[in-house]
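Each chain, letter by letter, is given below.
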Amino acid sequence: MADSLPSEFDVIVIGTGLPESIIAAACSRSGQRVLHVDSRSYYGGNWASFSFSGILSWLKEHQENSDIIRESSAWQEQILENEEAIALSTKDKTIQHVEVFCYASQDSHEDVEEAGALRRSQAPVIGAKEAAGPARPAEDQSLSPGGCEVPPDAPAVEASAEKGSHCEDETRVSSASEEEMRERVPTAGDSAEQPKKHPITYSQIIKEGRRFNIDLVSKLLYSRGLLIDLLIKSNVSRYAEFKNITRILAFREGRVEQVPCSRADVFNSKQLTMVEKRMLMKFLTSCMEYEEHLDEYKACEEITFSEYLKTQKLTPNLQYFVLHSIAMTSETASSAIDGLKATKNFLHCLGRYGNTPFLFPLYGQGELPQCFCRMCAVFGGIYCLRHSVQCLVVDKESGKCKAVIDQFGQRIMSKHFLVEDSYFSENTCSRVQYRWISRAVLITDRSVLQTDSDQQISILTVPAEEAGTSAVRVIELCSSTMTCMKGTYLVHLTCTSSKTAREDLEPVVQKLFTSYTEVEIENEDIEKPRLLWALYFNMRDSSDISRSSYNDLPPNVYVCSGPDCALGNDNAVRQAETLFQQICPNEDFCPPPPNPEDIILDGDTLQPVVSADCSAASEADSETPKETAHLTNPEESSD
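Everything numeric here is computed off the predicted structure, so don't read it as measured data.

About the criteria used
Residues numbered from 1 in each chain as written. Predicted model: local features only at pLDDT ≥ 70, side-chain atom pairs only at ≥ 80, totals over all residues. Heavy atoms only, no water. Pairing = 2+ DSSP bridges. Helix = DSSP H or I, 4+ residues; strand = E, 2+ residues; numbered from the N terminus. Axes fitted to C-alpha atoms, helices over the stretch in contact; angles between N-to-C directions. Phe/Tyr/Trp six-rings, centres within 6.5 Å; stacked < 30°, edge-to-face > 60°. Lys NZ or Arg CZ within 6 Å of the ring centre and 35° of its normal. Salt bridge = Lys/Arg side-chain N within 4 Å of Asp/Glu carboxyl O. Buried < 20%, exposed > 50% of the residue type's maximum accessible area, 1.4 Å probe, protein only. Polar contact = N/O pair within 3.5 Å; in protein donor to acceptor, adjacent residues only side chain to side chain. Parallel < 35°, antiparallel > 145°, perpendicular 65-115°, else oblique. Contact = heavy atoms within 4.5 Å. pLDDT = per-residue confidence, 0-100.

Overview of the sheet that holds strand S15 (residues 411-413)
Part 1: As summarised here, the arrangement of the four strands in space is S4-S13-S14-S15, forming an open sheet in which the pairing is antiparallel. Two strands in the sheet have a free side with no partner beyond their single neighbour: strand S4 (83-87) and S15. Geometrically, the sheet is characterised by an average inter-axis angle of 30 degrees between neighbouring strands, direction not taken into account.
Part 2: Bridge count between strand S14 (residues 401-406) and S15: three bridges; the pairing is antiparallel.

What about the packing of aromatic side chains?
Part 1: Taken as a whole and assessed by the stated rule, the structure comprises 14 aromatic pairs.
Part 2: A connected cluster of aromatic rings, assembled from ring pairs, spans Tyr42, Phe50, Trp58 and Phe537.
Part 3: Between the NZ or CZ atom of Arg252 and the centre of the ring of Tyr320, over which it lies, the distance is 5.6 Å.
Part 4: Above the plane of the ring of Tyr434 lies Arg540, whose end atom (NZ or CZ) is 3.9 Å from the centre.

A closer look at the pattern of salt bridges
Part 1: Summed over all chains, the structure comprises 21 salt bridges.
Part 2: With its nearest N and O atoms 2.7 Å apart, the salt bridge here joins Arg255 to Glu257.
Part 3: For Arg255, a relative accessible area of 47% puts it in the partly exposed group.
Part 4: A salt bridge links Asp570 to Arg574; the nearest nitrogen and oxygen atoms lie 4.0 Å apart. Within this pair, Asp570 and its partner Arg574 are both found in helix H13 (residues 570-583), separated by four residues, close to a single helical turn.
Part 5: When salt bridges with common partners are traced through the structure, they connect Asp10, Arg33 and Lys415 into a single cluster.

Remarks on the environment of Glu307
Part 1: One can find Glu307 in helix H8 (residues 305-310).
Part 2: Sequence separation of Glu307 and Ser335 is 28 residues, and the distance between their C-alpha atoms is 9.0 Å.
Part 3: Within the structure, Glu307 has its side chain in polar contact with the backbone nitrogen of Thr304 (distance 3.1 Å).

As for the packing of helix H7 (residues 274-288) against helix H10 (residues 336-349)
Part 1: Packing of H7 against H10 leaves a shortest axis separation of 8 Å and a crossing angle of 100 degrees. Put simply, H7 runs roughly perpendicular to H10. Here Leu284, Cys287 and Met288 of H7 come into contact with H10, specifically with Leu340, Thr343, Lys344, Leu347 and His348.

What to know about the environment of Cys391
Part 1: Within the secondary structure, Cys391 sits in strand S13 (residues 389-395).
Part 2: Residue classification places Cys391 among the buried positions, given a relative accessible area of 0%.
Part 3: On a C-alpha basis, the gap between Cys391 and Trp75 in space is 7.8 Å, while along the polypeptide they are 316 residues apart.
Part 4: Dropping the residues within four chain positions of it, Cys391 is found in contact with Trp75, Ile79, Ala85, Ile86, Ala87, Leu88, Ala403, Val404 and Ile405.

Description of the confidence of the model for the protein
Part 1: Residues at a pLDDT of 70 or more form 76% of the protein, whose mean pLDDT is 80.
Part 2: Low pLDDT, under 50, characterises residues 116-195; the predicted model gives this stretch 180 contacts beyond four residues in sequence or across chains.
Part 3: Below a pLDDT of 50 lies the segment residues 604-626, which in the model reaches 41 contacts outside its immediate sequence neighbourhood of four places, other chains included.

Below, the structure written as structure tokens:
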């Protein structure tokens, strides 16, 4: 039981985000006694994924978290004269300016419940009529706790729901299963067939809510990135399955186009002339080899990548594709060398698992922290959710942290302590300057670029139009990723915050989608996908913050950051490996587990012998996976 934990561990980890989970797994694998706790009721922290009812409960938790201050001073009585305490925060201030909109038609089924779900809490929702109003609400209540750092000029949260917007329906178990639909999704030219497809209602979304897995943070895995390498090396990949991103899109002159990125795509493309195809292939080849001729690029160090592209005799069409869809940078943000590095990394990742460089985990990004938590538990780690830590206990003489006191008043000793940034109090973080991420999650009825297949997984970059704003990254997921119900798409929008999430992202949403309030449902001439539901929020970015920015941290207390705004997960892996080496300087970082067949019985002892090929998950399928598959190392599998 959580109230009768062992009194001593080697490592205590507070928070179950991706960096913390990787460190916990690595420490447990190296033989450390690990206690991994989280005050939340779910794994992942801000890396988590939720069903539809789960995301509404999450919204409710944040509203209550901002309205109610839960403080207890009972632990102070346990602090001795030669000790001092570092109090931890009881409020999560990493999510701000939450706004929810329901655009799907509201039918009379107010008692519709999600199949197999727990009873769902109420959440503030704005109805379709309110959503059609101005982008900046005039007067509303805030889910944001007062006194924290927020983006400048940020409006608060809409807390009132218009009559008829029932996003607080209760839930029940239903045995009805949705039929498999193999029909081709109509394209823009098949508008005559559109009326046959009944519009999706809010009650349908509620009923099929368990088919949704909504990520708080939107990321992809580079096929040759640090996280993929770690998953394969540690064999944690056996706990998850992945799908290849099927296409890369560009938004140009008000239209969404598919970007040719592989050699086959370039030569099969109808968007490029034969001259452009040759230009593009020649340029991409030079990017792969640029490090061999660094002297030739010294003159380019002072110019932007956009300016460099103009010197390469590329057409404006090719410059746009390379800048925004391959290097995925802005016209002013990166230097020529940074752009060349990004382009080379993109090309280097092509072909390992498919025609694009990216993979997506089935059931959402929230699966990844849980995979590493499972590895930690396999090697003896102890897990406690809904288990808060009141304070860190510091020995005055040595200046080191010696224990924690939990919500039950139990003192638990340890040698090392890892704490996720959101658990520190305002006193500890008073000098920290945070950045913010603007996020939007949408449910739509069809893809932004329809094809014969309705199972496309796409990434799209919409360039910034105004100075001081950032490009918006759009990731569109289909039902085969197990993140949404059939007949819908789950769309994630992400950018660096300059205002509130709604102010930053709503202009892009309006370019790509149409809400039900703007057109009649029976209208046959709608080219844009229809928007059914939308969630906007700002997430705090604590990455790249120096440890010295925190006040009075003992040397054996280590800080883990939350998600950053980057597309990949390299920052989390680097952070985890760096902290692990500080804790266990002479240990291998997440080595592969011993193969059960290689364990040799020697008397009464077990002597594990690690085989040379156990870093790869399975060699049963050495071909490039076309559908869902566990990760393998194609280079090793082909040997």
